[in-house]
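This is what each chain is made of:
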Amino acid sequence: MGRKLLLEKAHVPGIRSYEVYRREGGYASVEKAFKHMSPDLVTEEVKKSGLRGRGGAGFPTGMKWSFLAKPEGVPRYLVCNADESEPGTFKDRYLMEFIPHLLIEGLIVASYALGSNRTYIYIRGEYAWIVDILEQAIAEANANGWLGKNIMGTGFDCQIYVQRGAGAYICGEETALIESLEGKRGNPRIKPPFPAVKGLWDCPTVVNNVETLAAVVPIINLGGEEYAKIGIGKSTGTKLISACGNINKPGVFEIDMTISVEEFIYSEEYCGGIPNGKKLKACIPGGSSVPILPANLLFKTAKGDTRIMNYESLSDGGFATGTMMGSGGFIVLDEDQCVVRHTLTLARFYRHESCGQCSPCREGTGWMEKILKNIEYGKGKKSDIDLLWDIQRKIEGNTICPLGDAAAWPVAAAIRHFRDEFEWHVDNPVESQSRNFGLAHYADPRPVPVTA
Amino acid sequence: MAEEKKLFKVTIDNITIEVEPGTSILNAARMIGGDVAPPAMCYYSKLKGSGGKCRTCLVEVAAGSTADPRPMPKLVASCRTNVMDGMVVKNITSERVIDARNGVVEFLLLNHPLDCPICDQAGECHLQDLSYDHGKEGTRYEFNRRTFKKHDLGPYIQLHMTRCILCYRCVFTADQLTNKRVHGVLDRGDHAEIATYIEKSLDNDFIGNVIDVCPVGALTDKTFRFKNRVWFLKPVDAHRDCPKCSGKVTLWNRGDEVFRVTARKDQWGEVEDWICNECRFEKKSTNDWVIEGPTKVSRQSVISQGHYEGLKMPKETLVEVLDGRKPRLLMDIHDVSEVNKPTVDLSKIAGPAHSDDFK
Ligand SMILES: Cc1cc2nc3c(=O)[nH]c(=O)nc-3n(C[C@H](O)[C@H](O)[C@H](O)COP(=O)(O)O)c2cc1C
Ligand code: SF4
Ligand code: SF4
Ligand code: FES
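Residues numbered from 1 in each chain as written. Chains lettered and ligands numbered in written order. Predicted model: local features only at pLDDT ≥ 70, side-chain atom pairs only at ≥ 80, totals over all residues. Heavy atoms only, no water.

A.B. asks: Describe the overall build of chain B, naming the residues involved and giving the relevant values.
C.D. replies: Within chain B, the regular secondary structure consists of 8 helices and 13 strands. Among the 359 residues that make up chain B, the fraction classed as buried is 49%. The contacts in chain B between residues at least 6 apart in sequence include a share of 63% that link residues at least 24 apart. As presented, chain B carries roughly 19300 Å² of accessible surface, and 52% of it is formed by carbon and sulfur atoms. (Helix = DSSP H or I, 4+ residues; strand = E, 2+ residues; numbered from the N terminus. Buried < 20%, exposed > 50% of the residue type's maximum accessible area, 1.4 Å probe, protein only. Contact = heavy atoms within 4.5 Å. Areas by Shrake-Rupley, 256 points an atom, 1.4 Å probe, with all protein chains shown as cover.)

A.B. asks: So what's going on with the sheet that holds strand S8 (residues 251-256) of chain A? Residues and values would help.
C.D. replies: Pairing is mixed in the open sheet, where 5 strands are placed in the order S8-S7-S11-S9-S10 (chain A). In this open sheet, the two edge strands, each paired with only one partner strand, are S8 and strand S10 (293-294) of chain A. (Pairing = 2+ DSSP bridges.)

A.B. asks: I'd like a rundown of the interface of chain A and chain B, residues and numbers included.
C.D. replies: Each side of the interface is counted separately: chain A has 35 residues, and chain B has 34 residues. Counting each side, the surface lost to burial between chain A and chain B is near 2900 Å², with a carbon and sulfur contribution of 49%. At the junction of chain A and chain B, the tally comes to 7 salt bridges. A salt bridge links B:Asp99 to A:Lys394, with the nearest nitrogen and oxygen atoms 4.0 Å apart. At the boundary of chain A with chain B, the tally comes to 20 residue pairs in polar contact (both at pLDDT 80 or more). Put simply, the parts of the chain that give the side of chain A that touches chain B at least two residues each are helix H15 (339-353), helix H16 (359-376) and helix H17 (382-395) of chain A. The biggest single contributor to the side of chain A that touches chain B is H16(A), with 10 residues. The residue inventory of the side of chain A that touches chain B, partitioned by class, reads 11 nonpolar, 13 polar and 11 charged. (Buried area = accessible area lost by both parts, 1.4 Å probe. Salt bridge = Lys/Arg side-chain N within 4 Å of Asp/Glu carboxyl O. Polar contact = N/O pair within 3.5 Å; in protein donor to acceptor, adjacent residues only side chain to side chain. Nonpolar A, V, L, I, M, F, W, Y, C, P; charged D, E, K, R; others polar.)

A.B. asks: Account for the site of ligand 2, with residues named and values stated.
C.D. replies: Taken together, 13 residues surround ligand 2, and among them A:Cys355, A:Gln357, A:Cys358, A:Cys361 and A:Cys401 come closest. Residues that form the shell around ligand 2 fall into these classes: 8 nonpolar, 5 polar and no charged. (Near = heavy atom within 4 Å.)

A.B. asks: Let's hear about the packing of helix H5 (residues 91-98) of chain A against helix H9 (residues 210-222) of chain A: which residues, and what values?
C.D. replies: Residue and element names in this part refer to chain A. For the pair H5 and H9, interaxial distance at closest approach is 9 Å and the crossing angle is 50 degrees. By the angle between their axes, H5 is oblique relative to H9. Counting all contacts with H5, which are made through Lys 91, Asp 92, Leu 95 and Met 96, the residues of H9 involved are Val 210, Glu 211 and Ala 214. The class makeup of the residues in the contact of H5 with H9 is 4 nonpolar, no polar and 3 charged. (Axes fitted to C-alpha atoms, helices over the stretch in contact; angles between N-to-C directions. Parallel < 35°, antiparallel > 145°, perpendicular 65-115°, else oblique.)

A.B. asks: I'd like a rundown of the domain arrangement of chain A, residues and numbers included.
C.D. replies: Residue and element names in this part refer to chain A. Domain assignment breaks chain A into domain 1 (18-229), domain 2 (235-334) and domain 3 (339-434). Here domain 2 and domain 3 have C-alpha centroids that lie 23 Å from each other. On the domain 3 side, the residues contacting the 15 residues of domain 2 number 13 residues. Buried area between domain 2 and domain 3, summed over both chains or domains, comes out near 1200 Å², and the portion from carbon and sulfur atoms is 69%. At the junction of domain 2 with domain 3, the criterion picks out 1 salt bridge. Across the pair Glu 421 and Lys 281 runs a salt bridge, and its minimum N-O distance is 2.9 Å. Counting across the interface, domain 2 meets domain 3 through 4 residue pairs in polar contact (both at pLDDT 80 or more). Elements represented by at least two residues in the side of domain 2 that touches domain 3 include exactly strand S9 (280-284), S10 and helix H14 (318-321). (Domains from an automatic or database assignment.)

A.B. asks: Run through the site of ligand 3, naming residues and quoting values.
C.D. replies: Near ligand 3 you find B:Cys164, B:Ile165, B:Leu166, B:Cys167, B:Tyr168, B:Cys170, B:Ile194, B:Cys214, B:Pro215, B:Val216, B:Ala218 and B:Leu219, and these make up its full shell. Residue classes in the shell around ligand 3 are distributed as 12 nonpolar, no polar and no charged.

A.B. asks: Hey, could you go over helix H18 (residues 403-427) of chain A for me, with residue numbers and the actual values?
C.D. replies: Approximately 90 degrees is the largest bend angle found in H18(A), and it occurs at A:Phe418. Within H18(A), 19 of the 25 residues are buried, which leaves it mostly tucked inside the rest of the structure. (Bend = angle between axes of the 7 residues up to and from the residue.)

A.B. asks: Explain the nonpolar core to me, using residue names and the numbers behind them.
C.D. replies: Membership of the largest hydrophobic core comes to 64 residues, with the highest contact counts inside it found for A:Trp65, A:Leu103, A:Ile104 and A:Ile121. Ranked by residues supplied to this core, first place goes to helix H6 (residues 100-114) of chain A with 10 residues. Once you skip the residues sitting within four places of it in the chain, A:Leu103 turns out to touch A:Cys80, A:Leu95, A:Met96, A:Ile121, A:Leu134, A:Val210 and A:Leu213. B:Val185, B:Ala192, B:Leu251 and B:Cys279 belong to the second-largest nonpolar core, a separate cluster that totals 54 residues. (Core = buried A, V, L, I, M, F, W, Y, C linked by side-chain atoms within 4.5 Å.)

A.B. asks: Which residues make up the packing of H17(A) against H18(A), and what values do they have?
C.D. replies: Two quantities define a packed helix pair, namely the angle between the axes and the distance from one axis to the other. Residue and element names in this part refer to chain A. Packing of H17 against H18 leaves a shortest axis separation of 9 Å and a crossing angle of 170 degrees. Taken together, the axis directions place H17 and H18 in an arrangement best described as roughly antiparallel. Contacts from Lys 382, Ile 385, Asp 386, Leu 388, Trp 389, Gln 392 and Ile 395 of H17 reach H18 at Gly 404, Asp 405, Ala 408, Val 411, Ala 412, Ile 415, Arg 416, Arg 419, Phe 422, Glu 423, Val 426 and Asp 427. Here the residues of the contact of H17 with H18 are counted per class, giving 10 nonpolar, 2 polar and 7 charged.

A.B. asks: Could you give me a rundown of the pairing of strand S12 (residues 257-263) of chain B, with the residues and numbers involved?
C.D. replies: Residue and element names in this part refer to chain B. Within S12, 6 of the 7 residues are buried, which leaves it mostly tucked inside the rest of the structure. With 6 bridges connecting them, strand S11 (residues 248-254) and S12 associate as antiparallel partners. Note that in S12 the partner of Trp 252 across the bridge is Arg 260. The antiparallel hairpin formed by S11 and S12 contains 2 residues in its connecting segment, where Gly 255 sits at a positive phi of about 60 degrees.

A.B. asks: Break down the pairing of strand S5 (residues 87-90) of chain B for me, with residues and values.
C.D. replies: Residue and element names in this part refer to chain B. A one-sided burial pattern is seen for S5, the buried positions being Met 87 and Val 89 and the unburied ones Val 88 and Lys 90. As paired elements, strand S3 (residues 58-63) and S5 share 3 bridges and run antiparallel to each other. Paired with Val 61 across the bridge in S5 is Val 89.

A.B. asks: Requested: an account of the pattern of salt bridges, with residues and values cited.
C.D. replies: Oppositely charged side chains can pair when the atoms bearing their charge come close. All told, the structure shown has 59 salt bridges over all chains when counted by the stated rule. Salt-bridge contacts for A:Glu376 lead to A:Arg341; the nearest nitrogen and oxygen are separated by 2.8 Å. Taken together, the residues A:Glu376 in helix H16 and A:Arg341 in helix H15 connect sequence positions 35 residues apart. Judged by relative accessible area, A:Glu376 falls into the buried class, the value being 7%. Overall, the relative accessible area of 39% leaves A:Arg341 in the partly exposed class. Bridged by salt links that share partners, the residues A:Asp390, A:Arg393, A:Lys394, B:Asp99, B:Glu106 and B:Arg140 form one connected network.

A.B. asks: Could you give an account of helix H2 (residues 28-36) of chain A, with specific residues and numbers?
C.D. replies: All names here are of chain A. Taken residue by residue, H2 has Ser 29, Val 30, Ala 33 and Phe 34 as its buried positions. Each buried residue of H2 lies within a common arc of 115 degrees when the element is viewed along its axis, so the set occupies one face. Exposed residues on H2 whose side chains face more than 90 degrees from its buried face are Lys 35 and His 36. Of the surrounding elements, those touching the buried residues of H2 are helix H3 (39-49), H6 and H9. (Arc of directions from axis to C-beta.)

A.B. asks: Any details on the packing of aromatic side chains? Residues and values, ideally.
C.D. replies: Residues and elements named next belong to chain A. All told, the structure shown has 29 aromatic pairs over all chains when counted by the stated rule. Measuring from ring centre to ring centre gives 6.0 Å for Tyr 169 and Tyr 350, while their planes differ by 65 degrees; the resulting arrangement is edge-to-face. With a gap of 181 residues between them, Tyr 169 in the loop between strand S3 (159-164) and helix H8 (174-181) and Tyr 350 in helix H15 connect regions that are remote in the sequence. Its relative accessible area of 15% is what places Tyr 169 among the buried residues. Where Phe 437 meets Tyr 442, the ring centres are 6.3 Å apart and the plane angle is 55 degrees; that geometry is what we call tilted. (Phe/Tyr/Trp six-rings, centres within 6.5 Å; stacked < 30°, edge-to-face > 60°.)

Structure (structure tokens):
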């Protein structure tokens, strides 16, 4: 059984309320930090912990904090990214809904470290009921002296505000989020300048994911070095995974990043295997933007090593044979799923969510969706597959924000690994409307290269 | 003691120049000029915050700076990336850039209606130039192009949303030149559109400038609509004493008739001085203006075909050959046909005939 740091207390009855949370040891990290640590020391601990951003990119959090510009007389802001809109990702929702005080606690410590007197939680609009939960928690924190003026006599003031988004995936991109928070249209900004220099209201800003900020609590409680002992290599601590698709036990799991992908899918503790005795066909381990992998590349890397649920192992093999940890949205596809249809679904999503600022993403996402639709509905041509490849290639890397890449990668990976299935759709336009390509050879063991 | 300003050395397509720190790669390339300057469809030096969107100006940075000579992994938007000392940039010498730019042109044209034959912008359209310079002959797009609900932008400005490339220039213009912006981008992605909120007229004094900044025919002058093709007109620089703006304009004339008034543009197609609506829309008589002389037009431009500067007419030899007799008119078309107005002498109209000539 893996170690739990975030969700350990999530199911204690009444943990949503301040009294129970406090009784279970809540707000200890604020006490520790405010009484015994300077803001820089907090940042130092986060650096030592090796914590990597849980929002998708996996950027080291301590480093990000130390990049924050600190000019005299200019306010600094911490913004919590709770926009969570990546298909397959629902871990932040779980955390905020069940144990909201953990996030508030983490936010207070992080605000202290960064010197943010006004801290914002930008939450996706559809999480309307969670806004109430968070605001309740903030009110309780205020009432008990964890927020407000001169917290614990340190002279540090802090207030937290919750701002609802209006239902756009793109507002999860940190600069679009900042624009939206300022009351503008949620278009990603052109970088540089980065938020660490010019963010919210043109002031230095740190944007972090919900889970990242919640993880600050155990880091301060345990100490950075202790935290870093959990996990392997540069994947330290625990990670929330939201698992969905063809599994027996969909839900949110906290893992320490040492278990294998195979164990994660099949063990009773986690996904509990695939229902109805079906076989695994493919998996997207990190949310819709990361490359899809066929079964035979999922459990073992191309080199033949066991694939572990962590940053390095999941990305082993790069784009050719690997994928990414992403935001931890773990989507499992069994043998009855059609990869073409699945790719179309994602393409439709990205077309719909593109902000439309830059031409490759605005025009390319729509084009890919239309072609995929043709292929899926038996009207595709062989040349369409190459065309799709060329379109995604011309979007990737040429856009303002990573949404363009996020739209390109799923298409690229699907064609790279499942080209046969696309070709079968084209060659069998009638048959493909009534049955699936099925598992085919996608679970067959791959020859492992012999190393000298 | 004047401190010596340190200049940055930057090499673009193997040509090295020195520029002030804070100069963008695009502006450095423009200083070199010619083909080294990347095309720019959204950047506009006079509009704060513009650029970065169209991605036509992407270039490869082969070396970041002397201090950190690593190449940048991705192509960068030259309009929004500043030069560093010792930076090495590849524009037309980079296969990657040419390939990516080709892609961008294809993307920009994907949903463009290509209705140039009926578009007032034709002949001065940056998208036409871009496609000509960097595009392919055919399209691989086999779907219907997108359409939009029509919006009325009032008596002066015509919006054809189907032609818009979402460069945001007009939005910045409306934002920065006028104090009442009723014009922005609605919706997102490939269904995003430039529109007035609740179809309000844009009645600000300087709003007409959106026509000049629009690189395509999405925003055109309603008072000039379908009146003429730009290459049949002769642009002349003129000015007037205007209480609101600089009053420095280009008149687009045929004969003595002013068909259109625009701001003057520099060699990159950018407005030199913003002009007010009155100058642009209301002053359509040569008497309103002090003429300075013909506008310089690039020889590459189709508009230069209407320029007769330094043109030498061949010597008329017929009369000489006929021993001083004038040639006899064999048939006067007006005697035969009543279809067109006999009072209109076709040979006396400046330029080709137009339906207006027979009104
Ligand atoms: C299109 C797009 C959507 C994103 N959505 C989210 C999101 O919903 N939640 C999130 O935490 N990060 C999201 N990100 C990542 C953020 O830009 C940013 O990297 C992250 O909030 C940084 O936090 P971290 O360092 O704690 O991971 C998104 C990025 C992109 C490009
Ligand atoms: S990549 Fe897409 S979402 Fe991102 S800025 Fe460009 S158009 Fe907008
Ligand atoms: S209307 Fe013209 S200026 Fe405005 S965004 Fe569209 S193309 Fe650009
Ligand atoms: S001109 Fe640079 S991106 Fe448009």
